[in-house]
Amino acid sequence: MKHLAILLGFFAIFLLFAYPSINPAPFGYDEADYMYAAGRGFLANYLDLPSFNFPEYLRIGLSAWTDPGRGSSLSLTARRQGDVFLYRHTHGPLYFYWLDALSQWSTNEHFIRALGLIFPVLTAAAIYLGCLWTLAVPQGQIAAILGCALYLFSLAVIRSTEVAPHQMFTVWFIVTLFLLAKLLGGGRRIFWYAAVVTTALAFCTLEVAFVLMAVVLACGFIERRRLEFGSRPGGKSLLLFAATVVILHPAAITRMAFVKPYLHYAYLVVKRTSPWGDVTFADTWASRFSTSPVAWILIAIALFFWIRYRDLPGRRQALPFLLFGTLMLATMLRVLTTGLRYVLPFLPALLVFAAIVLSGFLMRLRPNLRAGVLALVCGALLCDAYRYTAAYPFQADPRLSRLIAEVKQRDLAASRLLVPHDDLPTIHYYFPGADVTPYLDELSLPAGHFDAIVRMSEAAR
């Protein structure tokens with residue numbers, strides 16, 4: 001009962017911060033594509049139909065590689081053919097099964113985004129229960145409270161309420177890392193196989209799960225002698241992983257969908273100078289630190305303690321979180337953006353790492369002093385979240401609402417339209433009967449016959 005009360009208290013505070021940040025506006029670029037993909041239904045996403053087969057995908061990618069100027073026209077071709085895989089932005093289908101289920105009830109923007117808060121709530125529950133499960137008393141309780149505070153009071157979690165698979169991915173990798181922590185703490189072989197299954201769930205959500213695979217393999221290698229895997233542990237684990245993936249997403253094999261995302265991101269990294277926006281490395285990290293300075297300072301302190309004190313209780317259980325967080329951070333260094341959801345693949349792991357290590361250090365203190373320091377740290381995290389949300393309250397951008405109203409007012413729902421590039425997914429989602437062609441600049445409009453031009457100035461006014 002005590003644990004339920006603590007969790008409910010954390011959830012209540014989190015919702016007080018996060019719920020006002022839920023955007024009621026129409027779906028924007030990524031969101032509109034995601035909702036369109038989900039709207040194709042479960043079977044279309046399960047089988048990736050329609051989508052380019054692998055030879056076609058490779059041929060199209062190579063033509064864009066040799067002639068980057070063709071990228072936008074090829075993207076438009078993929079949209080007109082309804083390639084559900086590309087509408088998912090090459091992500092796995094698991095999150096889109098969720099969106100499809102929600103869409104059976106309502107496609108209201110606020111409803112879809114609000115229900116997405118279930119994922120950070122599940123992650124927080126996994127952190128709390130995982131700490132109790134993997135660490136001894138009373139350290140487990142301290143780490144559980146500190147971990148929930150670090151995670152739920154993080155701006156990346158509070159403000160990532162858009163339609164995107166990153167919050168679901170966080171659930172899977174946090175559960176996987178706790179299974180590995182239990183394994184390193186002396187757990188049985190079953191935890192390894194459970195981690196293989198949850199890694200497959202993560203892989204069917206976001207393609208960056210290959211980092212999680214590496215951490216699972218590393219932890220299995222560390223424990224290989226104690227667990228007595230036998231002569232062919234890799235074969236059994238690979239079979240379990242592949243079977244889980246095929247059950248959840250057979251197109252990963254039949255249409256080589258497990259390879260396509262990596263070709264896509266290789267193209268973005270090599271051929272696109274700023275695929276996530278015109279933001280520098282310094283801008284990216286200045287923004288990340290300024291949104292949650294207390295959390296990043298605590299991570300740095302925890303890293304120092306982990307290196308300095310080899311006898312910290314829970315040090316071994318913290319290893320999977322440190323491995324995953326640093327490897328994922330290194331993998332995503334090229335992602336330069338101030339978008340908060342792009343830190344979700346690595347920040348929660350580092351936050352749990354900090355909670356475990358700091359709880360181990362607090363075990364050195366007297367109980368009364370320990371409780372005081374814990375309350376002070378949680379209070380600092382809460383004040384940090386309040387400081388930012390009060391200084392920068394969420395405000396919905398009315399631009400997309402005006403854009404949609406403009407198309408309706410001009411009775412263009414079934415017309416041939418020339419639209420701003422960044423608004424193409426929104427127009428396509430809300431007006432599926434329209435034939436849309438994008439443009440990047442009003443000074444260089446594409447040639448052709450169009451019923452109307454939706455100008456950037458009209459959408460912005």
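Let me begin by describing the structure that accompanies this report. (Residues numbered from 1 in each chain as written. Predicted model: local features only at pLDDT ≥ 70, side-chain atom pairs only at ≥ 80, totals over all residues. Heavy atoms only, no water.)

When its secondary structure is counted, the chain shows 26 helices and three strands. Taken against the 2.2 N^0.38 rule, which gives 23 Å for 461 residues, the C-alpha radius of gyration of the chain at 23 Å falls within 12% of a compact globule. When the backbone C-alpha atoms are referred to their principal axes, the chain occupies close to 75 × 55 × 40 Å. By residue count, 54% of the 461 residues in the chain fall in the buried class. Of note, the chain has its 39 positive side-chain charges centred 14 Å away from the centre of its 27 negative side-chain charges. (Helix = DSSP H or I, 4+ residues; strand = E, 2+ residues; numbered from the N terminus. Rg over C-alpha atoms; globule rule 2.2 N^0.38 Å. Buried < 20%, exposed > 50% of the residue type's maximum accessible area, 1.4 Å probe, protein only. Lys, Arg positive; Asp, Glu negative; His and termini not counted. Charge placed at Lys NZ, Arg CZ, Asp CG, Glu CD.)

To continue, consider helix H7 (residues 94-103). Among the 10 residues that make up H7, eight are buried, leaving the element largely enclosed by the rest of the structure. Of all the positions in H7, only Leu94, Tyr95, Phe96, Tyr97, Leu99, Asp100, Leu102 and Ser103 are classed as buried.

All right, on to the environment of Arg399 then. Looking at the secondary structure, you find Arg399 in helix H24 (residues 399-409). On the accessibility criterion, Arg399 (25% relative accessible area) is partly exposed. A C-alpha to C-alpha distance of 48 Å links Arg399 and Gly372, two positions 27 residues apart in sequence.

Take the pattern of salt bridges next. By the definition in use, this model includes 10 salt bridges. Here Asp30 and Arg341 are joined by a salt bridge, their closest N and O atoms 2.6 Å apart. Placement of the pair is Asp30 in helix H2 (residues 29-39) and Arg341 in the loop between helix H21 (315-331) and helix H22 (347-362), with a sequence separation of 311 residues. Here Asp423 ties to Arg399 by a salt bridge, and the two come within 2.6 Å at their closest N and O atoms. (Salt bridge = Lys/Arg side-chain N within 4 Å of Asp/Glu carboxyl O.)

The next thing to look at is unusual backbone geometry. Of the consecutive residues Leu49 and Pro50, the connecting peptide bond is found in the cis state with omega at -5 degrees. Mapped onto the secondary structure, Pro50 falls in the loop between helix H3 (42-47) and helix H4 (54-66). For the bond from Val137 to Pro138, the omega torsion is 0 degrees, close enough to zero to count as cis. The residue Pro138 is located in the loop between helix H9 (118-134) and helix H10 (139-152) in this model.

The buried count for strand E1 (residues 416-420) comes to four of five residues, which makes it a mostly enclosed element. When E1 meets strand E2 (residues 435-439), the two strands line up parallel, connected through five bridges. Pairing of Pro420 across the sheet is with Tyr439, part of E2. Handedness of the crossover is the feature at issue here: the chain leaves E1, passes through helix H25 (residues 424-430), returns alongside E2, and the resulting connection is right-handed. In this sheet, strand E3 (residues 452-453) lies alongside E1 in parallel orientation, the contact comprising two bridges. (Pairing = 2+ DSSP bridges. Right-handed = clockwise from strand over helix to strand, strands pointing away.)

The next point concerns the environment of Ala413. Structurally, Ala413 is set in the loop between H24 and E1. In this structure, Ala413 is in contact with Val407, Phe431, Gly433 and Ala434, ignoring residues within four places of it in sequence. (Contact = heavy atoms within 4.5 Å.)

In this structure, Glu207 sits in the loop between helix H13 (189-203) and helix H14 (210-222). At 8.3 Å, Arg88 is the nearest oppositely charged side chain to Glu207, a buried residue that forms no salt bridge. One polar contact links Glu207 to His91, side chain to side chain, over a distance of 3.1 Å. Ignoring any residue separated from it by four or fewer positions in sequence, one finds Glu207 in contact with Thr90, His91, Gly92, Pro261, Tyr262 and Tyr265. (Polar contact = N/O pair within 3.5 Å; in protein donor to acceptor, adjacent residues only side chain to side chain.)

What follows concerns the nonpolar core. Leu99, Leu150, Phe169, Leu177, Phe321, Phe324 and Phe346 are the most contacted members of the largest nonpolar core, which has 126 residues in total. Those residues within four positions of Leu99 in sequence are excluded, and the remaining contacts are Tyr34, Met35, Ala38, Ile112 and Val163. One finds Leu417, Val436, Ala452 and Val454 within the second-largest nonpolar core, a separate group that totals 15 residues. (Core = buried A, V, L, I, M, F, W, Y, C linked by side-chain atoms within 4.5 Å.)

Another point: the packing of helix H20 (residues 293-308) against H22. Each packed pair of helices is defined by two parameters, the angle between the axes and the distance between the axes. Running from amino to carboxyl end, H20 crosses H22 at an angle of 55 degrees, the nearest separation of the two axes being 8 Å. Comparing their axes, H22 and H20 come out oblique. Classified by chirality, the crossing of H22 by H20 is left-handed. The residues of H22 that touch H20, namely those facing Ala295, Trp296, Leu298, Ile299, Ile301, Ala302, Leu303, Phe305 and Trp306, are Leu347, Leu350, Leu351, Phe353, Ala354, Val357, Leu358 and Phe361. Residue composition of the contact of H20 with H22, grouped by class: 17 nonpolar, no polar and no charged. (Axes fitted to C-alpha atoms, helices over the stretch in contact; angles between N-to-C directions. Parallel < 35°, antiparallel > 145°, perpendicular 65-115°, else oblique. Left-handed = near helix turned anticlockwise from the far one by under 90°. Nonpolar A, V, L, I, M, F, W, Y, C, P; charged D, E, K, R; others polar.)

With that settled, consider a nonpolar patch on the surface. A surface patch of nonpolar side chains, about 380 Å² in accessible area, is lined by Met1, Leu4 and Leu8. Mapping Met1 onto the fold places it in the segment before helix H1 (2-18). (Patch = residues over 30% accessible without salt bridge, like charges linked within 9 Å, V, L, I, M, F, W, Y side chains within 5 Å. Areas by Shrake-Rupley, 256 points an atom, 1.4 Å probe, with all protein chains shown as cover.)

Turning next to the sheet that holds E3. Read across the open sheet, the three strands follow the order E2-E1-E3; overall the sheet is parallel. Strands with a single pairing partner mark the edges of an open sheet, and in this sheet they are E2 and E3.

A word on the packing of aromatic side chains. Taken as a whole and judged by the stated rule, the model has 28 aromatic pairs. Arg288 extends its terminal NZ or CZ atom over the ring of Trp285, reaching a point 4.7 Å from the ring centre. Over the ring of Trp306 we find Arg315, and its NZ or CZ is 4.0 Å from the ring centre. (Phe/Tyr/Trp six-rings, centres within 6.5 Å; stacked < 30°, edge-to-face > 60°. Lys NZ or Arg CZ within 6 Å of the ring centre and 35° of its normal.)

Bringing the state of the cysteines into the picture now. The full count for this structure, using the stated rule, is zero disulfides. The thiol of Cys378 is not disulfide-bonded; the next cysteine sulfur, from Cys148, is found 9.4 Å away. Residue classification places Cys378 among the buried positions, given a relative accessible area of 14%. Here Cys383 stays free of any disulfide, with the sulfur of Cys378 as its closest cysteine sulfur at 11 Å. You can call Cys383 exposed: its relative accessible area is 53%. (Disulfide = S-S within 2.5 Å.)

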